[in-house]
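Chain by chain, the residues run as shown.
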Amino acid sequence: KHRASPQDLRYTVTISLMEAALGCQKEVNFKRKLPGGEQVEEKLRVRVPAGVDTGQKLKVRGKGRSGRDGDRQGDLYVVVNVADHGYFKRSGSDLFCDLPISYAQSVLGAELSVATLEGPAIIRIPPGTQPGAVLTLRGKGVTVLKQGQRSAPGDLYVKVLLDLPAQLSPQQREELLKLDQHLSGSTSALRKRYMEALDEYERLTTENANSTTEKAS
């Protein structure tokens, strides 16, 4: 006689990025069929180990449905879903975030506090840091759990963004214009390449215009 195989159950649990990084316990409520056909509702707490990611399964033995002939219970598979974080982005063991800095901090450099999953950490902004630059905090990412083994933590990549004020008072505007006039003589490598590109266009335009005039003559 063919014996029905035990049936496994699946339950999806959503956790935060912090819970995925540090580990947590989650309450699971599910229904399953007992030997004899009785359906019961059960509640249990599942330990979610540190380092899990979306799609990984946690196995709870013997908490599935039974076969029709009263064979052993199947298993419960708890499928992990890690919710998006409002500040951090995750890719494997690495984390990514943005750091707003002021114009003065960008030009002069600064030591600032940046959020990590282990609490605030100090990051050094070198003088002359351009908006869009990416600074790295080694070992401030997350571990990855694979086949029961946890990897070394990844890195945290901090993208520097210039945080400009939405409004200025008349006095602030006047002072900023004065500062801009003082700094207009300073030429960075980026501005130099920009000016060279403009000069190249004007030179070629002039040469083409002169060539056309000579042919007309």
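As the structure is a prediction and not an experimental result, all values here were calculated from the model. (Residues numbered from 1 in each chain as written. Predicted model: local features only at pLDDT ≥ 70, side-chain atom pairs only at ≥ 80, totals over all residues. Heavy atoms only, no water.)

**Q** Residue-level account of the pairing of strand β5 (residues 76–82), with values.
**A** Burial within β5 is extensive, with 5 of its 7 residues counted as buried. Where strand β1 (residues 9–15) lies against β5, 7 bridges are found, and the strand directions are parallel. Across the sheet, the residue bridging to I15 is V82, located in β5. Bridging between strand β4 (residues 57–60) and β5 involves 4 bridges; their strand directions are antiparallel. In the strand pairing of β5, K57 is matched with V79. (Buried < 20%, exposed > 50% of the residue type's maximum accessible area, 1.4 Å probe, protein only. Helix = DSSP H or I, 4+ residues; strand = E, 2+ residues; numbered from the N terminus. Pairing = 2+ DSSP bridges.)

**Q** Mind laying out the packing of aromatic side chains, listing which residues take part and the relevant values?
**A** By the definition in use, this model includes 2 aromatic pairs. Taken together, a centroid distance of 5.0 Å and an interplanar angle of 75° make the contact between Y87 and F88 edge-to-face. Residue Y87 is classed as partly exposed on the basis of its relative accessible area of 32%. Between F96 and Y157 the ring centres are 5.2 Å apart and the planes differ by 20°, which places this aromatic pair in the stacked class. Residue F96 is located in strand β7 (residues 94–101), and its partner Y157 is located in strand β13 (residues 156–162); the two are separated by 61 residues in the primary sequence. F96 sits in the partly exposed class, given a relative accessible area of 35%. Overall, the relative accessible area of 23% leaves Y157 in the partly exposed class. (Phe/Tyr/Trp six-rings, centres within 6.5 Å; stacked < 30°, edge-to-face > 60°.)

The values reported here are purely geometric and, on their own, carry no functional implication.
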